[in-house]
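Fold and geometry: a report
So you can see what is in the structure, the chains are spelled out below.
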Amino acid sequence: MKSAHASRPQTLRVHEATTKVKSPAKQQPYQKSNVRGRGRDNVPPGHDFIVELKDLIAIPNITERLKVPPKTNKRLGPNKNAWCEFHQAYGHPIRKCLALGHQLDEFVKNGLLRDYLQEK
């Protein structure tokens, strides 16, 4: 007596299906996504200053050039205990503040913070 399953071709096991070599035409090099989300892309540009960030943004010459965001009662990030001196709000520490980091990066590129950078 023949089994009904004998006439069907045997399916590939999971391991065999995943280890087959793809043709070179289908292989594409890895390309980083341009989508910004949480993770490394959400880290402000880093510079080593000779003073703390909270002290740096208190210097009158720098304070007057900063575009300070409007005050809010909202928590501006996942960390409810971290205080951002720039936003004057909880949610993230000042060292992870994107708004401040990008503005300071522009100041560094324009040479405005030359006296406050640590020499490398």
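Numbering of residues starts from 1 in every chain and runs along the sequence as written. Restriction of local features to residues with pLDDT of at least 70 applies here, the model being predicted, together with a cutoff of 80 or more for giving and counting side-chain atom pairs; totals for whole chains, interfaces and linings are based on all residues. The side-chain quantities take in all heavy atoms of the structure and omit both hydrogens and water.

As for the nonpolar core
As a rule of thumb, soluble globular proteins bury nonpolar side chains together. To form a nonpolar core, buried Ala, Val, Leu, Ile, Met, Phe, Trp, Tyr and Cys residues must be joined to one another through side-chain atoms within 4.5 Å. Throughout this description, buried means an accessible area under 20% of the type-specific maximum (1.4 Å probe, protein chains only), exposed means over 50%, and partly exposed covers the range between. Counting 16 residues, the largest nonpolar core has L56, F86, L100, L104 and L113 as its most contacted members. Examining the composition of this core, we find that four residues originate from one element, helix α4 (residues 98–109), more than from any other. Excluding residues that lie within four positions of it along the chain, L100 makes contacts with I57, L66, F86 and I94. Starting at the N terminus, helices and strands are each numbered in turn, a helix being any DSSP run of H or I of at least four residues and a strand any DSSP run of E of at least two. Contacts were defined at the residue level, with two residues in contact if any of their heavy atoms lie within 4.5 Å.

A few points about the pairing of strand β1 (residues 79–84)
At least two bridges found by DSSP between two strands is the condition for calling them paired. Here β1 pairs with strand β2 (residues 89–91) via three bridges, running antiparallel. Residue N79 lies in a different strand from β2, and its bridge partner there is G91.

Quick word on the environment of E106
Mapped onto the elements of the fold, E106 is located in helix α4. On the accessibility criterion, E106 (41% relative accessible area) is partly exposed. Separated by 61 residues in the primary sequence, E106 and P45 have C-alpha atoms spaced 9.8 Å apart.

A short note on α4
An α-helical turn contains 3.6 residues, so any two residues separated by three or four positions project in the same direction. The end-to-end C-alpha distance of α4, which contains twelve residues, comes to 16 Å, matching closely the 16 Å that a straight helix rising 1.5 Å per residue would cover. Within the sequence span of α4, burial applies to L100, G101, Q103, L104, D105, F107 and V108. Residues of α4 that are buried sit in contact with α2 (53–56) and α3 (60–63). One or two steps after α4, the chain reaches G111, where phi turns positive at roughly 80°. In this scheme, a helix's expected span is set at 1.5 Å multiplied by one less than its residue total.

As for the environment of P69
Considering the arrangement of structural elements, one finds P69 in the loop between α3 and β1. In the structure, P69 is positioned 17 residues away from F86 in sequence and 8.1 Å away in space, judged by C-alpha atoms. For P69, the contacting residues outside a window of four places in its chain are F86 and H87.

Things to note about the side chain of D105
Looking at where D105 falls in the secondary structure, it is placed in helix α4. Setting aside its immediate chain neighbours within four residues, D105 contacts P45 and H47.

Examining empty space enclosed by the protein
Throughout, the protein atoms alone are placed on a 1 Å grid, and a set of points is a cavity if a 1.4 Å probe fits but cannot get out or a pocket if it is open with protein on both sides within 12 Å along at least five of seven lines; lining residues have an atom within 4 Å of a point. Grid points are joined across faces, edges and corners, and a volume is the space filled by probe spheres set on the points. Under the counting rule described, the total for this entry stands at one cavity of 30 Å³ or more. In this structure, the largest cavity occupies an estimated 30 Å³ of space. Each residue belonging to the lining of the largest cavity can be placed in one class, and the counts come to four nonpolar, one polar and one charged. Residue classes follow a fixed rule: Ala, Val, Leu, Ile, Met, Phe, Trp, Tyr, Cys and Pro count as nonpolar, while Asp, Glu, Lys and Arg count as charged, and any other residue, Gly among them, counts as polar.

Section: the pattern of salt bridges
Throughout this description, the term salt bridge denotes a Lys or Arg side-chain nitrogen within 4 Å of a carboxyl oxygen of Asp or Glu. Applying the stated criterion across every chain yields a total of one salt bridge. Of the charged contacts, one joins K109 and D105 as a salt bridge, the two residues approaching to 3.3 Å between their closest N and O atoms. Highlighted residues: K109 and D105, both in helix α4, separated by four residues, approximately one helical turn. Under the relative-accessibility criterion, K109 is labelled exposed at 58%. Given the relative accessible area of 12%, D105 is considered buried.

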